[in-house]
Amino acid sequence: MTPALRTSPAVGGGVSTSGLVFNLQKYCLDDGPGIRTTVFLKGCPLCCAWCHNPEGIHPRPELVVVESRCVVCGECRAACPLPAASLGEGPLPARLADCRQCAACIDACPTGARQWIGRTMTAGEVLREVLQDRVFYEESGGGMTISGGEPLAQPRFLLALLEAARAASVSAVLDTTGFGPTEALLAAARLSDLVLYDLKAFDDARHERLTGVSNRRILANLEALDEEETPVWIRLPVVPGFNDDLEDLGRMARYVAQRRRVTRVSLLPFHRAGVHKFQRLGRVHALEGVATPTAERLAAVRRVFEDAGVPGVSP
Ligand code: SF4
Ligand code: SF4
């Protein structure tokens, strides 16, 4: 995709605008065209039962424990200033009710098993890292993707990142749940070459049960994108027994077929990659026993969208 550079007023506050980032992942092939660096912003108003980036949900830095690195030396326990009686047995858990976030246990840990997730960066610092791979973007038609968490939860930082990318002639893709202020979404879309837009369920009660929020704002924002020029690719996680009801998906498909900017729908089969991340955060994955969808079920979901006339359904 060739980025179409459009002029727009600066609204993000410049390269010194800072925000909370929990990952900068290079060589991504699934977050838009070509080879991309994906910038994950921390904080998300949704809490999807199948989330594979649970470390992106909380809007502040968090402590995690990588259990495979723990050698049970007890240094974290010895360093922690909290009363011994409140620490339980064995290595300190990731979540202690009275944790002061002093980081003494992280500094004391000899193996790096205890880590902070989330660091404050300026838009300029992010872009410097992104630009290290410019040669790959130019050869593959890639660039930067901003994901999360939910990027719209940090609107000034998001817009500053997109403006910085545009100033550097780097293609930018926004990956969003669509749950955020409409003005920020539209401003971000105008600065992006593509919007990746998640839909999770069409029935509102089901959506709220699965994600913790109503989908009304998400659908209204998708309709607002009809009036913009930026193409939209829908991403639909398919979670057996939770959102693969073909009747509800049929309603969603007919709705999506009416959206003027949607040029592709990607079905994302549920996978269990997030289970270990939940454990590292000291949480339980709500879908621990759920299997990935069968090829037959995915084919049935695909047919529902194709029959509704939706373009570019994959896989
Ligand atoms: S960050 Fe929390 S768990 Fe770690 S030493 Fe400080 S109070 Fe204890
Ligand atoms: S200091 Fe690190 S390696 Fe030692 S018990 Fe604590 S988490 Fe495990």
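Reference entry: report on the structure contained in this document. (Residues numbered from 1 in each chain as written. Chains lettered and ligands numbered in written order. Predicted model: local features only at pLDDT ≥ 70, side-chain atom pairs only at ≥ 80, totals over all residues. Heavy atoms only, no water.)

### Here we look at the packing of aromatic side chains
In step 1: Tallied over the full model, the rule gives three aromatic pairs.
In step 2: Relative to phenylalanine 40, the ring of phenylalanine 22 has its centre 5.5 Å away and its plane inclined at 45°; by these criteria the two rings are tilted. Within this pair, whereas phenylalanine 22 is found in strand β1 (residues 18-28), its partner phenylalanine 40 is found in strand β2 (residues 36-41), the two being separated by 18 residues in sequence. Of the two residues, phenylalanine 22 and phenylalanine 40, neither departs from the other in class, the shared state being buried.
In step 3: Seen in terms of ring centroids, phenylalanine 202 and tyrosine 255 are 5.2 Å apart; in terms of plane orientation they differ by 50°. Their pairing is tilted. On the criterion of sequence distance, the pair formed by phenylalanine 202 in the loop between β8 (194-198) and α7 (204-211) and tyrosine 255 in helix α9 (residues 246-257) is long-range, its members being 53 residues apart.
In step 4: For tyrosine 255, a relative accessible area of 10% gives the class buried.
In step 5: Just above the ring of phenylalanine 179 sits the side chain of arginine 217; from NZ or CZ to the centre is 4.6 Å.
In step 6: Directly above the aromatic system of tyrosine 255 lies the positively charged group of arginine 259, at a separation of 4.5 Å from the ring centroid. (Phe/Tyr/Trp six-rings, centres within 6.5 Å; stacked < 30°, edge-to-face > 60°. Helix = DSSP H or I, 4+ residues; strand = E, 2+ residues; numbered from the N terminus. Buried < 20%, exposed > 50% of the residue type's maximum accessible area, 1.4 Å probe, protein only. Lys NZ or Arg CZ within 6 Å of the ring centre and 35° of its normal.)

### Quick notes on the nonpolar core
Nonpolar side chains in soluble globular proteins tend to end up buried together.
In step 1: Judged by nonpolar contacts, the single largest core of 70 residues is most densely connected at Met144, Tyr197 and Phe305.
In step 2: Broken down by element, the residue count for this core peaks at eight residues, all from helix α5 (residues 155-167).
In step 3: Listed in part, the 12 residues of the second largest apolar core include Cys80, Leu92, Ala103 and Cys105. (Core = buried A, V, L, I, M, F, W, Y, C linked by side-chain atoms within 4.5 Å.)

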